[in-house]
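# Residue-level structure breakdown
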Amino acid sequence: MENDAFLAELEAKLMEEDLEEGSIDRVLIDLRQFSEYYRTTNGVPLTVEALRALPSVDLREFRSYLTQRNMAPATLVRKFQSIRKAFKLLAPERLSEIT
């Protein structure tokens with residue numbers, strides 16, 4: 001499954017960063033949620049290539065989706081920190097576009 005490949009690649013990159021296991025787990029949980037949202041809304045799994053081409057509107061829509069689910073502001077911040085981490089490791093050329 002392509003989504004599993006995406007998360008496996010992300011996990012390998014996170015391990016190279018020498019992060020604590022709890023931090024890696026949180027990033028993976030957050031990105032698993034984002035990738036499931038992406039698959040549901042776009043009909044295809046999230047891949048590294050899809051991340052590199054991801055329109056910023058998809059991130060805004062994901063933020064709106066989380067807000068509608070009454071996520072706490074701190075949770076939203078953490079989830080988007082995780083997404084930024086994924087961009088930093090897998091699509092660094094796009095990192096400046098992620099706010």
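Definitions and limits used
- Residues numbered from 1 in each chain as written.
- Predicted model: local features only at pLDDT ≥ 70, side-chain atom pairs only at ≥ 80, totals over all residues.
- Heavy atoms only, no water.
- Helix = DSSP H or I, 4+ residues; strand = E, 2+ residues; numbered from the N terminus.
- Expected span 1.5 Å × (residues − 1).
- Buried < 20%, exposed > 50% of the residue type's maximum accessible area, 1.4 Å probe, protein only.
- Lys, Arg positive; Asp, Glu negative; His and termini not counted.
- Salt bridge = Lys/Arg side-chain N within 4 Å of Asp/Glu carboxyl O.
- Contact = heavy atoms within 4.5 Å.
- Phe/Tyr/Trp six-rings, centres within 6.5 Å; stacked < 30°, edge-to-face > 60°.

## A word on helix α2 (residues 21-42)
Over its 22 residues, α2 extends 31 Å from the first C-alpha to the last, a length consistent with the 32 Å expected when each residue adds 1.5 Å. Every buried residue of α2 is listed here: Ile24, Val27, Leu28, Asp30, Leu31, Gln33, Phe34, Ser35, Tyr37 and Tyr38.

## Brief notes about the side chain of Asp58
Along the chain, Asp58 falls in helix α4 (residues 56-68). Buried and unpaired, Asp58 has no salt bridge, with Arg60 as the nearest side chain of opposite charge at 8.4 Å. For Asp58, the residues in contact, after removing those within four places along its chain, are Tyr37, Tyr38 and Asn42.

## Quick look at the packing of aromatic side chains
Enumeration over the complete set of coordinates arrives at five aromatic pairs. Judged by centre distance (5.1 Å) and plane angle (50°), the rings of Tyr37 and Phe62 are tilted. You can see Tyr37 sitting in helix α2 and its partner Phe62 sitting in helix α4, a full 25 residues away along the chain. Of the two residues examined, Tyr37 and Phe62, each falls in the buried class. Taken together, a centroid distance of 6.0 Å and an interplanar angle of 45° make the contact between Phe62 and Phe80 tilted.

## Brief notes about the pattern of salt bridges
Taken as a whole and assessed by the stated rule, the structure comprises six salt bridges. A salt bridge links Arg78 to Asp30; the shortest N-O distance between them is 2.7 Å. Separated by 48 residues along the polypeptide, Arg78 in helix α5 (residues 73-90) and Asp30 in helix α2 bring together distant segments of the chain. The exposure class assigned to Asp30 is buried, which follows from its relative accessible area of 2%. The salt bridge involving Glu93 is made with Arg52; its shortest N-O contact spans 3.8 Å.

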